[in-house]
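Residue strings, one per chain:
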Amino acid sequence: MKNLQEATERICELKGNLIALDALVTALLQAMPAAARSDLLRTFASHAEVARTVLLNTPTSEHTINAFERDVKRTLSLTDGA
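Residues numbered from 1 in each chain as written. Predicted model: local features only at pLDDT ≥ 70, side-chain atom pairs only at ≥ 80, totals over all residues. Heavy atoms only, no water.

Regarding the nonpolar core
Soluble globular proteins: nonpolar side chains tend toward being buried together. Formed by Ala48, Leu55, Ile65, Phe68 and Val72, the largest nonpolar core amounts to five residues. Among the secondary structure elements, those contributing two or more residues to this core are helix H2 (34-56) and helix H3 (62-81). Among the elements that take part in this core, H3 stands out by supplying three residues, more than any other. Non-local contacts of Ile65, meaning those with residues more than four positions away in its chain, are made with Leu55, Leu56 and Thr60. (Core = buried A, V, L, I, M, F, W, Y, C linked by side-chain atoms within 4.5 Å. Buried < 20%, exposed > 50% of the residue type's maximum accessible area, 1.4 Å probe, protein only. Helix = DSSP H or I, 4+ residues; strand = E, 2+ residues; numbered from the N terminus. Contact = heavy atoms within 4.5 Å.)

Concerning a nonpolar patch on the surface
On the surface, Leu18, Leu21, Leu24 and Leu28 cluster together into a nonpolar patch covering about 410 Å² of accessible area. Following the sequence through the fold, Leu18 ends up in helix H1 (residues 2-31). (Patch = residues over 30% accessible without salt bridge, like charges linked within 9 Å, V, L, I, M, F, W, Y side chains within 5 Å. Areas by Shrake-Rupley, 256 points an atom, 1.4 Å probe, with all protein chains shown as cover. Salt bridge = Lys/Arg side-chain N within 4 Å of Asp/Glu carboxyl O.)

Some points on the confidence of the model for the protein chain
As a note on interpretation, predicted positions should not be read in detail where pLDDT is low. When pLDDT is averaged across the protein chain, the result is 90; 95% of the residues are at 70 or more. Within the protein chain, no element has a lower average pLDDT than H3, which sits at 87, and none a higher one than H2, at 93. (pLDDT = per-residue confidence, 0-100.)

Digging into the environment of Thr53
The topology assignment puts Thr53 in helix H2. Here Glu49 takes part through its backbone oxygen, which lies 3.0 Å from a polar atom of the side chain of Thr53. (Polar contact = N/O pair within 3.5 Å; in protein donor to acceptor, adjacent residues only side chain to side chain.)

What to know about the environment of Arg42
Relative to the elements of secondary structure, Arg42 occurs in helix H2. Taking C-alpha positions, Arg42 is 9.4 Å from Leu76, a pair spaced 34 residues apart along the chain. In terms of polar contacts, Arg42 uses its side chain to reach the side chain of Asp39, at 2.3 Å.

Here's the deal with the environment of Leu56
Looking at the element boundaries, Leu56 is found in helix H2. For the pair Leu56 and Glu69, spaced 13 residues apart in sequence, the C-alpha to C-alpha distance is 11 Å.

Considering the pattern of salt bridges
As enumerated under the stated definition, the model contains seven salt bridges in all. Note that Lys2 is salt-bridged to Glu6, the shortest N-O span being 3.9 Å. Of this pair, Lys2 and Glu6 both sit in helix H1, four residues apart, which is roughly one turn of the helix. Residue class for Glu6 comes out partly exposed when judged on its relative accessible area of 40%. Between Asp22 and Arg74 there is a salt bridge, with its nearest N and O atoms 2.7 Å apart. Highlighted residues: Asp22 in helix H1 and Arg74 in helix H3, separated in sequence by 52 residues. Assessed through its relative accessible area of 33%, Asp22 is described here as partly exposed. When its relative accessible area of 32% is taken as the criterion, Arg74 is described as partly exposed. Overlapping salt bridges, with partners in common, bring together Glu49, Arg52 and Glu69 in one network.

Written out as structure tokens, the structure is:
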């Protein structure tokens with residue numbers, strides 16, 4: 001039972017870390033000039049494609065892949081529409 005409790009606590013910590021990083025990225029995107037956001041969009045799309053290739057060619061859970069795709073889509077929409 002102790003291992004399950006520790007795993008649950010660690011998952012909760014990781015969720016908190018991700019939420020904080022998400023808030024930071026959103027704030028940065030909103031503060032960036034339009035030209036910089038455009039450059040970031042191109043670079044991010046390229047890096048996301050490399051990450052997607054790696055994810056699809058390694059033993060990665062569908063939950064992870066789905067979360068990755070959802071967050072990439074969200075980030076691209078924030079970058080494009082910010």
